[in-house]
Amino acid sequence: MTYRFGLDELFVVELARTIRDAEVVFHGFGSPCATVAMHLAKRTHAPHALLIEGATYAVNPSPSFIAPSSNDHSLKQGSAYSMRFEEAFDMSIRGDMDLMFLSGIQIDPYGNTNVTAVGGMPHPKVKLGGGGGGCNMSATIGRLTLWTTNHRSGRCLVGECDFITDIGHRTPEGTRSALGYPGGGPDTLVTELGVFDYPEGRARLRRLFPDVTLAEAKAVTGFEFAVAADLAPVQTPSRHQIDLVRAIDPLGVRRREFRPAELERSFSL
Amino acid sequence: MAVHLAPDKLADLETAAALVQPGSTVALGGGLSARLPMALVRGLIRAGIGDLHVVGSAHSIDVDLLAAAGSITVCEESYVGYEQDHGLAPAFRRAAQEGLLEARESCCDTILTQLRAAEMGLSFLPVHGVKGTDIEGLHPEYSRVTCPFTGHEYVAVPPLAPDAALVHAPVGDRQGNLHIEQPYVLDERFAAASAMTIATVDRIAPTDEVAAAGIVIPHYRVAAVVEAPFGAHPSSCYPGYAYDRAHLASWVAAARTAGGAQDYLRRYVTGVDEDGYRQLIGADRLEHLTGYRASDQAWMELFR
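None of the values given here were measured: they were computed from a predicted structure.

Engineer: How would you explain the state of the cysteines if you had to name every residue and give the values?
Structural biologist: Here the structure, examined in full by the defined rule, presents zero disulfides over all chains. Looking at B:Cys75, it has no disulfide partner, and the nearest cysteine sulfur is the one in B:Cys108, 13 Å off.

Engineer: How would you summarise the interface of chain B and chain A if you had to cite specific residues and measurements?
Structural biologist: Taken together, the contact between chain B and chain A spans 54 residues of the former and 56 residues of the latter. Its largest share of buried area at the contact with chain A, chain B owes to B:Gln84, B:His128 and B:Gln182, together 13% of the area lost on that side. There are six salt bridges connecting chain B and chain A. A salt bridge links A:Glu173 to B:Arg144, with the shortest nitrogen-to-oxygen separation between them at 2.9 Å.

Engineer: Can you explain the side chain of A:His39? Please cite residues and give values.
Structural biologist: By the secondary structure assignment, A:His39 is in helix H2 (residues 32-43). In contact with A:His39, other than residues within four places in its own chain, are A:Leu51, A:Glu53, A:Pro61, A:Pro63, A:Ile66 and A:Ile248.

Engineer: Tell me what's going on with unusual backbone geometry, and back it up with residues and numbers.
Structural biologist: Residues and elements named next belong to chain B. Here the residue pair Gln182 and Pro183 is connected by a cis peptide bond, since its omega of 0° sits within 30 degrees of zero. Following the sequence through the fold, Pro183 ends up in the loop between strand E10 (178-179) and helix H7 (187-193). Following Tyr238, the chain continues to Pro239 via a peptide bond in cis, the omega torsion being 10°. Here Pro239 is to be found in the loop between strand E12 (222-227) and helix H9 (245-254). In this structure, Glu83 is a non-glycine residue whose phi angle is positive, near 55°. Within the fold, Glu83 resides in helix H4 (residues 83-86). In the Ramachandran plot, Phe230 falls in the positive-phi region, its phi being about 55° despite a non-glycine side chain.

Engineer: Hey, could you go over the packing of helix H1 (residues 7-16) of chain A against helix H7 (residues 239-248) of chain A for me, with residue numbers and the actual values?
Structural biologist: All names here are of chain A. With their axes 10 Å apart at the nearest point, H1 and H7 run at an angle of 105° to one another. In terms of orientation, H1 lies roughly perpendicular with respect to H7. Contacts between H1 and H7 involve Glu9, Leu10, Val12 and Val13 from the former and Gln241, Ile242, Val245 and Arg246 from the latter. Residues of the contact of H1 with H7, tallied by class, amount to five nonpolar, one polar and two charged.

Scoring rules and cut-offs
Residues numbered from 1 in each chain as written. Chains lettered and ligands numbered in written order. Predicted model: local features only at pLDDT ≥ 70, side-chain atom pairs only at ≥ 80, totals over all residues. Heavy atoms only, no water. Disulfide = S-S within 2.5 Å. Contact = heavy atoms within 4.5 Å. Buried area = accessible area lost by both parts, 1.4 Å probe. Salt bridge = Lys/Arg side-chain N within 4 Å of Asp/Glu carboxyl O. Helix = DSSP H or I, 4+ residues; strand = E, 2+ residues; numbered from the N terminus. Axes fitted to C-alpha atoms, helices over the stretch in contact; angles between N-to-C directions. Parallel < 35°, antiparallel > 145°, perpendicular 65-115°, else oblique. Nonpolar A, V, L, I, M, F, W, Y, C, P; charged D, E, K, R; others polar.

Encoded structure:
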């Protein structure tokens, strides 16, 4: 019998693939897809990962559901220890966190992100929520997985951010090494269309979702990008992975990151 | 960082709110949907105490209501909004876009570092990041400093010593000892770095009980403590109650227009006191939010 699943589920599996076993992994608040991905990785290929939950700083929790707000205490369930705010930030700033998830309303070719203001400051066209801890953490954490569910709009992957909130591989002031930043910067960017990596510190298309063409991806990307010689569709997930996504997130909070049309996309095994 | 030594600091909400002077720097405790000092926020709005410079990490309806009331001149938070659930904060966003307040966005870790500088009595501390971002340009008070040992250039940030920290706790005693559950967010740092802490608690209890639960903020940091049941509503205050997702949604919907935001303020803030607020929300609804304990399923259903 055909087993069907949605883009939201496939997307979370792609995010989870960026987590390696026995790593220290953190997601910020307001990141349901990244939250689900962390728990998926922990229950599949990264059982020894140290998960630090977004805004509760609970260590290795196993919540019975994902709450729509990231500092709800339900997200601490199953955790024997919660870090203090200071512990979590100190750990990230001294470079002891291996991976963090970051999103952006705008993302440039170097992986700088804008979550502060469309149109820039001090006269924003749209004042966005803000960067939380990103403008320090992005400097020092081992590597970053960026994600967006808004690539198709043509407004997210831009040649230049209106405002740089979080640091990618190079800002107008210089490269990460010139700035003296120890963290490795963006390693992967997962969008609802495909997956990029950053060889030489610039986005390169590595994978496409099965229902997306290269021409479609190019048409909505505001900068020229290299394409990997072995460009291929994303790896097919296992039924077990998809089942786990649904079990981890029974409320479907992950789906709130996507436009309705993207949630219509479906795939089968 | 003055100490507050009165043996009994129990106050009513009006008296406590009036400790905040117009034009002062106010730290908001809690974060996102948890333990926001909402009774005090409503008290400040009722009293018309404005021209505030608010500081904090990631916040939501507390800043949004103050922005709607025109109470904020400078907003130095790291984030204001409702995450992926209800999105951007409508009143804050409108005020920032119309230039009615200065959105001097900061970073959680920078705020933490500045509070630590104040706690340690230092004139600056360096931060590891910020350099190369546009956040630096929003802060003329930042500078650069070269490490005498390595030659590395850091962004230097000044101490942050708020005039008042507003904190909500589930339980505290009349002297001002406060117990809160993790995440404490920045509340301990705010209490230590600020000139005074003004607290609301869901329940006043004997000192022995607060001490047994664990004192997180000690009495000598606290200038006044107010008993305000459900004083964090519509945010959560565990172990008492979960956040009121439906109420947050109704505020966000109302605040999409300036008129809608003003209607909400009249109905839920300026038109009532805290007793009246709880009556408007309804005893059944508030009781429902305490029902998270019944089972995982009951907890989850609160958010469906």
